[in-house]
Amino acid sequence: MTNPNKPLVVFQNCILRPQHFAKEIFPNPTTLTILPTQKWAITGTDKTRFLEALAGRYTAIPAESRSYPFLEKSVWPASVTSLVTFATDIRPAYLSARYESYREPEDVNLATFLKKSLDSATDGKSPEEQRQVYESVVKRLELEPLLSQWIVTLSNGQMRRARIARGLLSSPKMLLADEPFLGLDPVSTSTLSKLLGELAPAPQVILGLRAHEPVPDWISHVAVIDESGLIKGGTRDEVRENLQELVDRRTSIFIDRSYNFTAAKLLPPIRSGIDSIIDIDDITIAYKGKVVLKNLKWTVRRGERWHLRGNNGTGKSTLLSLITADHPQSWNSKINLFNEPRKVGRQNYFSINKVIGHASPEIHAIFPSTLTAFQTVSTGFTVGSFLPPSSASHVAGILTKEEQNKRIHSLLEYFNVNPEALFSDLSLNDQKLALFMRAIVKNPEILILDEAFSGMNDESIFRCKQFVDDWGGTVIAIGHVEDEIPRCGKYIRLHGGDNLAEQGDVENSVI
Ligand SMILES: Nc1ncnc2c1ncn2[C@@H]1O[C@H](COP(=O)(O)OP(=O)(O)OP(=O)(O)O)[C@@H](O)[C@H]1O
C-alpha cells in the first residue's frame, strides 16, 4: 500500500555509490524532495544515473539519506519501481529474423509478451482485476491490432509502446521512463506523452528527457543533472535558466566550425561509375494481406542523400530490408542495384552487402559485446557476420590488411574512441560512434544510417554529420529528429497501408 500524502522520494545529503565500489557516482551529495502532487522530468548529461538512483539502485550513504516515505517501510523500493530505458533496446532480433516463417521457441506474440509481466505484479490483484488492467493498458497504448503479431515483427515504434505497456502491467508504484519518445514520430510522441501524463497517481511517473527535447506541458518540475550531480531541481520557472544553459551549450557545439576536417583524409574519394544506384520499380509488400508498401517506385542516384520519412509502422525498415536483401521478397527483378536486376544466381546476399554500410538500432541491439572497439569497426569489412575479418576479407582486393588496420585506427583516433575498450564497456555514445565507423570504414557505395546518431551526445552528432557531409557518397538516413540526421537533399515519405509514397526536395519541406 502507498500513502498518497507523503513524499515519493527524499534525498537528504545523500551520497550514492555503486555496490562494491568506493567511488560515489556524483561528487556532490544530493538533496531533493519529490512530492506526489508534482510531475517531474530529469534532464542533463547524467540524467540516466539519477533515474537509476531514484529507482533504488546504488547504495545510499548514510542509508537513511534516501527514503521513499509514500511506501510502507517493509517494501523494497526497487521491487515496486519500473525503470524503462530505450536507448539500446529496440527490437530483440536481427532484421532478417522478422521475415522468417520459422520462429525460435522463445519467440512469442505480443499478447504473451505482455501477459508475462502480469505474473510478476506484486500488488495482489485478483485475476479479474488483472484482466481489466490488461485490457485498459492495451487499449490506451493502441496495441489491440498487434496482439497476435510476433514481437520480433513489431516496428521500433510499436515495440516502444509494447515495452511501456509491459512496464505498466507489472503494476509499479513508480514508473521511470528514460527517453520514452526516442525514435517515435510526432503523432506517437504526443499520444504517449498524454498517456504518461494521465497515469499518476497509479503509478507515479518520472520522465528522463534529453536536453533539447521539449518538456511536456504536464511536467511541473524539472531536475537538471550533470557529472557533478544535481545542479538544480524545482518548478519549470525555477530551472528555466539552467535549461537554457543546456540548450546554449548544445548550440555552441553545433555552430563551432573549428574542426577543420575533411573525410577525404581518412577515406578515398568516392568512386565514379554507374549513376543509378538503386532503382525500385513498382513493388507492393503485404504481411498476411495487410499492405505496408504499395506500388513503390524509387530511384536513388549516385551521391544523393535521401531522408526516408514516415510515421512509426509505415514500412521504412521493410523498405531498407528489401535493399539489403534481408527480406524474402528482395529477390525480385523490380529491384535494381547499379542497373542490375536482382536475380538469384546473378547476385547473392554477400555481393549486395559488400557495397552497403549500415548502422541501425537492430544491429546495435544484437552486436556482440565482447569485441573491442577496434574489432567492432573491423567487422565493417566483413559481410553477414559480426566476426572480425580474417587475413583475407571481402575488400581485401582493394585494401591490404595493413591498410585496413591503419584506416580503423585513424577513424578511432579521430572520433576519440579507445581501440582496446570492450564494446560492453563503452558508453552509449561511444558504442554508437563505433557502429557508425563500422558502417563507413569500407567506404561503401551506399551508406544506410537508421537512427544512427540518436543516443549520441551533441558533439558526436555534430562530428558524424560533418563527416558524412564531407564524404560525398550515397546516403539513406532515417530519423525523426532533424538534428540527428545528416544533411539530405531529397526525401521519400512512406504513408503505410494502401497509400502511395511521396517524394520531394527537403528544402522547405516539413520533417
Ligand atoms: N514479418 C512481419 N509480419 C507481420 N507484420 C510485420 C512484419 N514485419 C513488419 N510488420 C509490420 O509492418 C509494418 C511496417 O513495419 P516497419 O518496421 O517496416 O515500419 P517502420 O516504418 O520501420 O516503423 P518504425 O519507425 O516504428 O521503426 C508494421 O505495422 C509492422 O508491425
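The structure presented is a predicted model; accordingly, all values stated were derived computationally and were not measured. For every chain, the first residue of its written sequence is number 1, and the numbers climb from 1 along that sequence. Confidence filtering applies because this is a predicted model: local features only for residues at pLDDT of at least 70, side-chain atom pairs given and counted only at 80 or more, and all residues used for totals across whole chains, interfaces and linings. Hydrogen atoms and water are omitted, and side-chain values are computed over all heavy atoms in the structure.

Focus: the overall build of the protein chain
In this text, helices come from DSSP runs of H or I with a minimum length of four residues, and strands from runs of E with a minimum of two, each type numbered from the N-terminal end. When its secondary structure is counted, the protein chain shows 14 helices and 20 strands. Within the protein chain, the proportion of its 511 residues that are buried is 52%. Contacts: residue pairs with any heavy atoms within 4.5 Å of one another. Residue pairs in contact within the protein chain that sit at least 24 positions apart in sequence constitute 69% of those at least 6 positions apart. Throughout, exposure labels follow a simple rule: accessible area from a 1.4 Å probe, protein chains only, divided by the maximum for the residue type, with under 20% read as buried, over 50% as exposed, and the rest as partly exposed.

Structural notes on the site of the ligand
The nearness test applies per residue and asks whether one of its heavy atoms lies within 4 Å of the molecule or strand. The environment of the ligand is made up of 20 residues, and the closest members are Gln149, Gly157, Gln158, Lys316 and Thr318. N or O atoms within 3.5 Å of each other form a polar contact, as long as, within protein, one can give a hydrogen and the other can take it, and as long as residues adjacent in sequence are counted only when both atoms are side-chain atoms. Taking Ser155, its side chain carries an N or O atom lying 2.8 Å from an oxygen atom of the ligand. Within the backbone of Thr314, one N or O atom sits 3.2 Å away from an oxygen atom of the ligand. For the shell around the ligand, the secondary structure elements donating two or more residues are α5 (156–169), β12 (290–301) and α8 (316–323). The residue classification treats Ala, Val, Leu, Ile, Met, Phe, Trp, Tyr, Cys and Pro as nonpolar and Asp, Glu, Lys and Arg as charged. All others, Gly included, are polar. Of the residues belonging to the shell around the ligand, the class tally is three nonpolar, 13 polar and four charged. Domain start and end points were adopted from an automatic or database domain assignment. When residues of the shell around the ligand are assigned to domains, at least three map to each of domain 1 (9–255) and domain 2 (263–505).

So, the pattern of salt bridges
Each salt bridge in this description consists of a side-chain nitrogen of Lys or Arg and a carboxyl oxygen of Asp or Glu lying within 4 Å of one another. The tally for this structure, following the rule as stated, stands at 18 salt bridges. Between Glu179 and Lys47 there is a salt bridge whose closest N-O contact spans 2.7 Å. Of the two residues, Glu179 sits in the loop between β7 (174–178) and α6 (186–199) while Lys47 sits in helix α1 (residues 47–54), which places them 132 residues apart along the sequence. The two residues Glu179 and Lys47 agree in class, both being buried. Between Glu135 and Arg131 there is a salt bridge whose closest N-O contact spans 2.8 Å. Taken as a pair, Glu135 and Arg131 lie in helix α4 (residues 127–140) at a separation of four residues, close to a single helical turn. A cluster of three or more residues bridged by salt bridges with shared partners is formed by Lys47, Asp178, Glu179, Arg210, Glu213 and Glu484.

Focus: the pairing of strand β2 (residues 30–34)
Burial along β2 is one-sided: Thr30, Leu32 and Ile34 are buried, and none of Thr31 and Thr33, which face the opposite way, are. Strand pairing follows a simple DSSP-based rule, namely that at least 2 bridges must link the two strands. Both strand β1 (residues 9–17) and β2 contribute to a ladder of four bridges, which runs antiparallel. For Phe11, the partnering residue across the bridge sits in β2 and is Leu32.

Focus on the environment of Val137
The topology assignment puts Val137 in helix α4. As a C-alpha pair, Val137 and Ala165 span 28 residues in sequence and 6.2 Å in three-dimensional space. Apart from residues lying up to four places away in sequence, Val137 is in contact with Ala165, Leu168 and Leu169.

What to know about the packing of aromatic side chains
Any pair of aromatic rings gets described here by the distance separating the centres and the angle formed by the planes. Between 30 and 60 degrees the pair is tilted, below 30 it is stacked and above 60 it is edge-to-face, where a pair is any two Phe, Tyr or Trp rings, Trp via its six-membered ring, whose centres lie within 6.5 Å. Within the structure shown, the criterion is met by eleven aromatic pairs. A centroid spacing of 5.0 Å and a plane angle of 55 degrees characterise the contact between Phe367 and Phe386, whose relative ring orientation is tilted. Separated by 19 residues along the polypeptide, Phe367 in the loop between α10 (361–366) and α11 (373–378) and Phe386 in the loop between α11 and α12 (401–414) bring together distant segments of the chain. For Phe367, a relative accessible area of 6% gives the class buried. Both rings, one in Phe436 and one in Phe467, keep their centres 5.9 Å apart while their planes meet at 85 degrees; by these two values the pair is edge-to-face. With Phe436 in helix α13 (residues 428–440) and Phe467 in helix α14 (residues 458–471), this residue pair connects regions lying 31 residues apart in the sequence. Here Phe436 matches Phe467 in class, with each residue buried. An aromatic cluster is present here, built from Tyr414, Phe415, Phe436, Phe453 and Phe467 joined pairwise through their rings. Note on geometry: a ring has a charge over it if NZ (lysine) or CZ (arginine) is within 6 Å of the ring centre and within 35 degrees of the ring normal. Sitting over the ring of Tyr491, Arg309 keeps its end group 4.4 Å from the ring centre. Over the face of the ring belonging to Trp331 we find Arg342, whose NZ or CZ atom lies 5.8 Å from the ring centre.

Considerations on the nonpolar core
In summary, soluble globular proteins display a tendency toward joint burial of nonpolar side chains. Here the nonpolar core consists of buried residues drawn from Ala, Val, Leu, Ile, Met, Phe, Trp, Tyr and Cys, with membership extended through side-chain atoms lying within 4.5 Å. In terms of nonpolar packing, the biggest core is built from 42 residues, with Phe415, Phe436, Leu449, Phe453 and Phe467 touching the most fellow members. Sorting the residues of this core by element identifies α11, α12, α13, β17 (446–450), α14 and β18 (474–478) as the ones contributing at least two each. Discounting chain neighbours no more than four positions away, the residues touching Phe453 are Phe436, Ile461, Cys464, Lys465, Val468, Glu484, Ile485 and Pro486. Formed by 40 residues, the second largest nonpolar core is a distinct cluster that contains Leu114, Ala165, Ala177 and Val239.

A closer look at the packing of α4 against α5
Where helices are involved, their axes are fitted lines through C-alpha atoms of the stretch in contact, as for all axes, and angles between N-to-C directions lie from 0 to 180°. Between α4 and α5, whose axes approach to 10 Å, the crossing angle comes to 155 degrees. In terms of orientation, α4 lies roughly antiparallel with respect to α5. Judged by the sense of rotation from one axis to the other, the crossing of α4 with α5 is right-handed. Here Val133, Tyr134 and Val137 of α4 come into contact with α5, specifically with Ala165, Leu168 and Leu169. Residue composition of the contact of α4 with α5, by class: six nonpolar, no polar and no charged. Each angle is binned into one of four classes, with values under 35 degrees roughly parallel, values over 145 roughly antiparallel, values of 65 to 115 roughly perpendicular, and all other values oblique. In a left-handed crossing the near helix is turned counterclockwise from the far helix by less than a right angle, and in a right-handed crossing that turn is clockwise.

Focus on unusual backbone geometry
Cis geometry is found at the peptide bond from Ile61 to Pro62, where omega equals -10 degrees. In this fold, Pro62 is placed in the loop between β4 (59–61) and β5 (66–67). Here the bond from Ala200 into Pro201 is cis, since omega is 10 degrees, no more than 30 degrees from zero. Here the phi dihedral of Lys288 falls at roughly 45 degrees; this positive angle occurs in a residue that is not glycine.

Details of the environment of Cys464
Assignment of secondary structure puts Cys464 in helix α14. For Cys464, a relative accessible area of 0% puts it in the buried group. Between the alpha carbons of Cys464 and Met437 there is a distance of 9.2 Å; along the sequence they are 27 residues apart. Contact partners of Cys464, with chain neighbours within four places excluded, come to Phe415, Leu433, Phe436, Phe453 and Met456.

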